[in-house]
Amino acid sequence: MKKILLALTAVAAMTGSASAADLGARPYAKAPMPAPVANWTGFYVFGGGGGGLSNTDQHVQTTVGAVPLTIDQRQGGSGWFGTVGAGYDWQFSGTWVAGVFADGQFGSIKGTIQDPIAGLTGSQKLETSWAAGVRLGWLVAPNVLSYVNGGYSGAHFGRTNFTNLAGTPAGIHLDGYDRHGWFIGGGVENSLNFFGITSPGWFMKTEYRSAFYNGKTQNELFDVTNTLVGRDIRATHWNQTISTSLVYRFNWTGPVVAKY
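Predicted model, so just to flag it, every value in this text is computed and none were measured.

*Asks:* Please clarify how the nonpolar core should be interpreted in this entry.
*Replies:* Nonpolar side chains tend toward joint burial in soluble globular proteins. Ranked by internal contacts, the top residues of the largest apolar core, which has 22 residues, are Trp40, Leu145 and Phe157. Among the secondary structure elements, those contributing two or more residues to this core are β1 (42-62), β3 (96-115), β4 (120-141), β5 (144-157), β8 (177-191) and β9 (202-222). If you look at the next biggest cluster of nonpolar residues, it comprises 7 residues, including Val60, Leu120, Phe162 and Ile172.

*Asks:* Can you walk me through unusual backbone geometry in this structure?
*Replies:* Comment: phi is negative for the bulk of residues other than glycine, and the bulk of peptide bonds are trans. For alanine 66, which is not a glycine, the phi torsion comes out positive at approximately 50 degrees. Tracing the sequence through the fold places alanine 66 in the loop between β1 and β2 (73-92). Overall, alanine 66 belongs to the partly exposed group, its relative accessible area being 40%. Although it is not a glycine, asparagine 226 adopts a positive phi angle of roughly 55 degrees.

*Asks:* Is there a simple way to think about the pattern of salt bridges in this case?
*Replies:* Pairing of side chains with opposite charge becomes possible as their charged atoms draw close. Inspection of the entire model under this criterion finds 11 salt bridges. Glutamate 207 is the partner of lysine 205 in a salt bridge, and the nearest nitrogen-oxygen pair spans 3.8 Å. Just as lysine 205 is buried, glutamate 207 falls in that class too. Residue arginine 231 is joined to glutamate 220 by a salt bridge in which the shortest nitrogen-to-oxygen separation is 3.3 Å. Here arginine 231 is found in strand β10 (residues 228-249), whereas its partner glutamate 220 is found in strand β9, with 11 residues between them in sequence. Both residues of the pair, arginine 231 and glutamate 220, count as buried.

*Asks:* How should the packing of aromatic side chains be read in this particular structure?
*Replies:* In this description, a pair of aromatic rings is defined by centroid distance and the angle of the planes. Within the structure shown, the criterion is met by 14 aromatic pairs. Between tryptophan 40 and phenylalanine 203, the ring centres sit 5.1 Å apart and the planes meet at 65 degrees, which makes this aromatic pair edge-to-face. In this pair, tryptophan 40 sits in the loop between α1 (2-23) and β1 while phenylalanine 203 sits in strand β9, placing the two residues 163 residues apart along the sequence. Per residue, the accessibility class of tryptophan 40 equals that of phenylalanine 203, and both read buried. Pairing phenylalanine 43 with tyrosine 88 gives two aromatic rings, centres 4.5 Å apart and planes at 70 degrees, and the pair type is edge-to-face. With phenylalanine 43 in strand β1 and tyrosine 88 in strand β2, this residue pair connects regions lying 45 residues apart in the sequence.

*Asks:* What exactly am I supposed to notice about the side chain of arginine 209 here?
*Replies:* Note on placement: arginine 209 falls in strand β9. Within the structure, arginine 209 has its side chain in polar contact with the side chain of aspartate 103 (distance 2.9 Å). Among residues more than four places away in sequence, those in contact with arginine 209 are Phe101, Asp103, Gln105, Ala131, Asn149, Phe183, Ile184, Gly185, Asn239, Gln240 and Thr241.

Cut-offs used in this document
- Residues numbered from 1 in each chain as written.
- Predicted model: local features only at pLDDT ≥ 70, side-chain atom pairs only at ≥ 80, totals over all residues.
- Heavy atoms only, no water.
- Core = buried A, V, L, I, M, F, W, Y, C linked by side-chain atoms within 4.5 Å.
- Buried < 20%, exposed > 50% of the residue type's maximum accessible area, 1.4 Å probe, protein only.
- Helix = DSSP H or I, 4+ residues; strand = E, 2+ residues; numbered from the N terminus.
- Salt bridge = Lys/Arg side-chain N within 4 Å of Asp/Glu carboxyl O.
- Phe/Tyr/Trp six-rings, centres within 6.5 Å; stacked < 30°, edge-to-face > 60°.
- Polar contact = N/O pair within 3.5 Å; in protein donor to acceptor, adjacent residues only side chain to side chain.
- Contact = heavy atoms within 4.5 Å.

Remember that the coordinates give geometry; whether it matters functionally is a separate question.
Here is the structure:
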């Protein structure tokens, strides 16, 4: 009996050894790589340019008593502008970014001004403007931010020189003036690291903005004497712009991926 048990034990040991050899070495499982992280918190500056559309709701009224002489009419225009600015962002809850910013614009966005009572027409130019506001964005990717913004804005509209139906100077003008209002917009900002090119801190943003300015009553004035004609133009401005800017972030540190 002992001989039989010893024989069975030997056979079992040999079979187990063979089975272990057949299994081979245990495969090595590489640890999963952590998700890319990026730091959007910090200061940035930007500069760029774009194009804009001007929309003006206007009517003619008397200087004395402000009696309307025409109904409201919408006049349009277009032009270009440049922009520079700076801001600060805070990243929170992983994929959310909030910030404050201020910028200035300069250029030539022209809109039409008319006095159909006297057959006068002229061009009024948005020469400079500025804005200060806040923005809130969500990270579509570690280095791509989609955002909305809004805030307070001011603008300077230049002098308007009228011409008559024959296209010659009418000797009548409107002085330039400043207006204030508010704006709302949105855009996308993304890192310039692409196609194997590394540019730490450099970004590009494309933004749409819609600005609404308070109405203004302007006196029509004779050029020579700068005295009142007796008619005024009441106008409310709405300007839309699209711009592309180059952005530099001073503390950009991402995205960073651990190496093995």
